[in-house]
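# Secondary and tertiary structure notes
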Amino acid sequence: MNIFKCPRQRAIISCFLFFLSHYGVKWSQKFNKYDFLLQIIFSVLSGLLYILSNSIVPSIIFHLIYNTPRIIYNLKLIRYSYKNVLRREAT
């Protein structure tokens with residue numbers, strides 16, 4: 001049984017749930033208004049991609065592209081931290 005028959009209603013609810021899921025994480029206390037605005041814009045764009053394509057795959061790809069620079073940065077940070085720990089232990 002599908003309560004929300006209109007794609008717009010589903011997209012709006014999806015955008016709201018996306019925002020809430022990111023708002024509820026432990027690092028959300030570090031977010032400022034700009035970060036939340038970006039999340040709202042991102043969720044609206046993802047919803048539009050879903051409506052236009054009738055598939056969630058473009059939204060997933062969009063999310064991966066958006067998060068890739070952050071993932072690369074975090075991996076480099078972990079690698080750098082690990083190297084520093086090894087250097088300290090060697091001395």
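Below is a short write-up of the structure. Note that the coordinates shown come from a computational prediction; the quantities given were computed from them, not determined experimentally.

### Observations concerning helix α1 (residues 7-23)
Under the 1.5 Å per step criterion, the end-to-end length of α1 is 24 Å for 17 residues, consistent within 8% with the ideal 24 Å. Among all positions in α1, only Ala 11, Cys 15, Phe 18 and Phe 19 are buried. Viewed along the axis of α1, the buried residues span an arc of 95°, placing them on a single side of the element. When the buried face of α1 is taken as reference, the exposed residues oriented beyond 90 degrees from it are Phe 16 and Leu 17.

### Quick word on the layout of surface pockets
There is about 570 Å³ of room inside the largest pocket. Taken together, 15 residues form the lining of the largest pocket, with Phe 31, Gln 39, Tyr 66, Asn 67 and Arg 70 sitting closest to its centre. The set of elements that each furnish at least two residues to the lining of the largest pocket consists of α1, α2 (33-53) and α3 (57-90). Here the lining of the largest pocket gets five residues from one element, more than from any other, and that element is α3. Classifying every residue of the lining of the largest pocket by side-chain character gives seven nonpolar, five polar and three charged. The calculated volume of the second largest pocket comes to roughly 240 Å³. Taken together, 13 residues form the lining of the second largest pocket, with Ser 14, Ser 46, Gly 47, Ile 56 and Ser 59 sitting closest to its centre.

### Considering the packing of aromatic side chains
Scanning the entire structure with this criterion turns up two aromatic pairs. Taken together, a centroid distance of 4.7 Å and an interplanar angle of 15° make the contact between Phe 42 and Phe 62 stacked. Separated by 20 residues along the polypeptide, Phe 42 in helix α2 and Phe 62 in helix α3 bring together distant segments of the chain. Note on Phe 42 and Tyr 66: the rings are 5.0 Å apart at their centroids and 40° apart in plane angle, and the pair reads as tilted. You can see Phe 42 sitting in helix α2 and its partner Tyr 66 sitting in helix α3, a full 24 residues away along the chain. Look at Phe 42 and you get buried, because its relative accessible area is 6%. By way of ring pairs, the aromatic residues Phe 42, Phe 62 and Tyr 66 are connected into one cluster.

Cut-offs applied
Residues numbered from 1 in each chain as written. Predicted model: local features only at pLDDT ≥ 70, side-chain atom pairs only at ≥ 80, totals over all residues. Heavy atoms only, no water. Helix = DSSP H or I, 4+ residues; strand = E, 2+ residues; numbered from the N terminus. Expected span 1.5 Å × (residues − 1). Buried < 20%, exposed > 50% of the residue type's maximum accessible area, 1.4 Å probe, protein only. Arc of directions from axis to C-beta. 1 Å grid on protein atoms, 1.4 Å probe; cavity = no way out; pocket = protein on both sides within 12 Å on 5 of 7 lines; lining within 4 Å. Points joined across faces, edges and corners; volume = space filled by probe spheres on them. Nonpolar A, V, L, I, M, F, W, Y, C, P; charged D, E, K, R; others polar. Phe/Tyr/Trp six-rings, centres within 6.5 Å; stacked < 30°, edge-to-face > 60°.

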